[in-house]
Structures are given as structure tokens and as C-alpha cells.
Amino acid sequence: MLKKVLLKIAKWLLILMLVSLLPVIALRWIPSPGSALMVERWIEHRGDDTPYEIRRDWVPYHSIPDSMKMAVIAGEDQRFAEHYGFDVAAIKAAVEHNRQGGSVRGASTISQQVAKNQFLWSGRSWVRKGLEVWFTVWIEIFWPKQRILEVYLNIAEWDRGVFGVDAAAREHFGVGASYLSDRQASLLAAVLPNPREWSAASPPAHVERRARWIQNQTRQLGGSHYLREMQKGQPLPEWLTLRYWRNRLEI
């Protein structure tokens, strides 16, 4: 009896796992129609006196300035082109920092943020983190880096009801995403750690300092050259190659 129950549970878990991959595969090519974070925010604010309106417009990768792409990489995930979804060095540094006390530091990569914002909910539970790892792995397998960056820039939250770089550019600077200047791009990236409290249009001093730092980091990373190298792709990790498993099975 117990064996039958366990087999049934395993069967349904396998089905759920396979079903969860369908949206990941679909979003490899189609624009995101919305995100879990947008739904979460709408639920949070549905009782507000002021109606909560979601503003967003999908902008394809080639229409987003390189300065904007590089600004979020410089500010959020400088090893984006090198890792496979998880920045191990940043995770170790965050663990050590948090062990010493003080403010909690995160180490989420752009890929992890896409997994969380697109498919999951906010919070710090182990269940949510486990699902974030699951979706991050498959995003990295099925999507090229430029697609991950494209989705990130189109679903990121930039203000109350403002999602995606085009809506953010229009809200804060009165221009479409394609017309953002280098400074405007760096200011938008600078507020991402706290987009509902910090303003890119009227930045406080610490946001101005962070924006200047982001511009300097963008230059040091190589700017558009970084993106061109990223788009060339990178080899799969060894554990995803046929040779790796063939050698393992022969042992």
C-alpha cells in the first residue's frame, strides 16, 4: 500500500515538474504577458483608495540601448555572462557578511531575479528559494543570456505599477526606452534595489552616487564589447554534456 502511494506521489511530482517547464519553454520566444510579481502587487493594492494601474510595454532586445543593458549588469550582476544562473563567489561573500551581523545582503543573479519575478512570489521561505533554483536552472538551459536580460528588463519593477524599462523611461524621463541617455540608464539601474522608494527622476544623493558608480563599472566591464562577447554564448557546464554522463556510466 505504501509503495503504491509513494509511486503515485512520484508520478504527480514528475507531472508537475514537466508542466512547470512549459511556460519556461514558451517564454523563450514569446513576450511575457505579465509576471507573478505584477499579480502580487495588484493583490496588495486592490483595496487602495487610488486604483492600482499596471503600466508596461514590451520592448525587444535590439530596441533597448546597450547602456541600459550594461547598467543593470553593472549594478545587479557583473558576472552575468560568466555564470550559469548562480554566482557562487557572491553567495559565499553574502553568507560571510550575513554571519557577521548587520544588514542582510543578498546574492541573487539576474537569472534568479527573472525566475522569482516571472514565476514565483516574494518572501524568504525555503520552498520559494527551492522553486527559484528550479526555474533558474531551466531558464539558463533553455534561454540564451540575451533573452534572460531582455525578459528581466521588461518585467522589472521601477515604481508603483511601473514595470519594464519602457514604462520606466516614460514615467521618469518622458521618453521611450530607445531614447534613454547613458545617465538616465544608470539612474534607472541605480534605483532597482528599492524602486518603490527611490526616484530616478528626482534621485537622492546616494542614488546619484550609485548611478555614477554604475557608469564607471559599465566602462570597466567593456560596455558594448561585453554584450557582444556575451551573445557569442558559452559552452554548457560539464555536467550537462553527453561525454560527462557517458564517462560516469562507464565507471
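Report follows, based on the coordinates. (Residues numbered from 1 in each chain as written. Predicted model: local features only at pLDDT ≥ 70, side-chain atom pairs only at ≥ 80, totals over all residues. Heavy atoms only, no water.)

Observations regarding helix α2 (residues 36-45)
Stated precisely, the cut-off is as follows: Three exposure classes are used, based on accessible area relative to the maximum for each residue type with a 1.4 Å probe and protein chains only: buried under 20%, partly exposed in between, and exposed over 50%. Secondary structure is summarised from DSSP: a helix means a run of H or I of at least four residues, a strand means a run of E of at least two, and numbering begins at the N terminus for each. What the arc measures is the spread of directions leading from the helix axis to the C-beta atoms. It only takes one pair of heavy atoms within 4.5 Å for two residues to be counted as in contact.
All buried positions along α2 are accounted for by Leu37, Met38, Glu40, Arg41 and His45. For α2, the arc enclosing every buried residue in end-on projection is 160 degrees, short of the 170-degree limit, so these residues lie on one face. Contact partners of the buried residues in α2: α5 (110-119), α7 (145-155), β1 (157-159) and β2 (162-163).

Some remarks on the environment of Gln231
Using the following cut-off: Within 3.5 Å is the distance limit for a polar contact, defined as a pair of N or O atoms, with the added protein rule that one can donate a hydrogen and the other accept it, and that residues adjacent in sequence qualify only through two side-chain atoms.
Topologically, Gln231 is positioned in helix α11 (residues 224-231). As a C-alpha pair, Gln231 and Lys145 span 86 residues in sequence and 6.9 Å in three-dimensional space. Not counting chain neighbours up to four residues away, the residues in contact with Gln231 comprise Tyr61 and Gln146. At 3.0 Å, the side chain of Gln231 forms a polar contact with the side chain of Tyr61.

Some thoughts on a nonpolar patch on the surface
How we decide: The patches described consist of residues with a relative accessible area above 30% and no salt bridge, like charges being joined within 9 Å and nonpolar side chains (Val, Leu, Ile, Met, Phe, Trp, Tyr) within 5 Å. Areas reported as accessible are Shrake-Rupley estimates using a 1.4 Å probe. Residue values count occlusion only from the protein chains shown. The working definition used for a salt bridge is a side-chain nitrogen of Lys or Arg within 4 Å of a carboxyl oxygen of Asp or Glu.
Where nonpolar side chains cluster on the molecular surface, the patch consists of Met1, Leu2, Val5, Leu6, Ile9, Leu13, Leu16 and Met17 and spans about 840 Å² of accessible area. With respect to the helices and strands, the residue Ile9 is situated in helix α1 (residues 2-26). A relative accessible area of 44% means that Ile9 is categorised as partly exposed.

Quick word on the nonpolar core
Defined as follows: The criterion is simple. A nonpolar core is a set of buried Ala, Val, Leu, Ile, Met, Phe, Trp, Tyr and Cys residues joined through side-chain atoms within 4.5 Å.
If you look at the biggest cluster of nonpolar residues, it comprises 53 residues, and the most contacted ones within it are Met68, Leu149, Leu153 and Trp158. Ignoring sequence-local partners within four residues, the contact set of Trp158 consists of Met68, Leu153, Gly164, Val165, Ala168, His172, Leu188, Val191, Leu192 and Pro195.

Comments concerning the packing of α5 against α7
How we decide: The convention used is that axes are lines fitted to C-alpha atoms, helices contributing only their stretch in contact, and that angles between N-to-C directions extend from 0 to 180 degrees. With respect to orientation, any angle under 35 degrees is reported as roughly parallel, any angle over 145 as roughly antiparallel, any angle of 65 to 115 as roughly perpendicular, and every other angle as oblique. Left-handed describes a crossing whose near helix is turned anticlockwise from the far helix through less than a right angle; right-handed describes the clockwise counterpart.
Between α5 and α7, the shortest axis-to-axis distance is 9 Å and the interhelical angle comes to 50 degrees. Between α5 and α7, the angle is such that the two are oblique. Judged by the sense of rotation from one axis to the other, the crossing of α5 with α7 is left-handed. Counted together, Ile110, Ser111, Gln113, Val114, Asn117 and Gln118 of α5 and Lys145, Ile148, Leu149, Val151, Tyr152 and Ile155 of α7 form the full contact between these two elements.

With respect to the side chain of Glu132
By secondary structure assignment, the location of Glu132 is in helix α6 (residues 126-142). What Glu132 contacts, discounting residues up to four positions off in sequence, is Ser108, Gln112, Ala115, Lys116 and Leu120.

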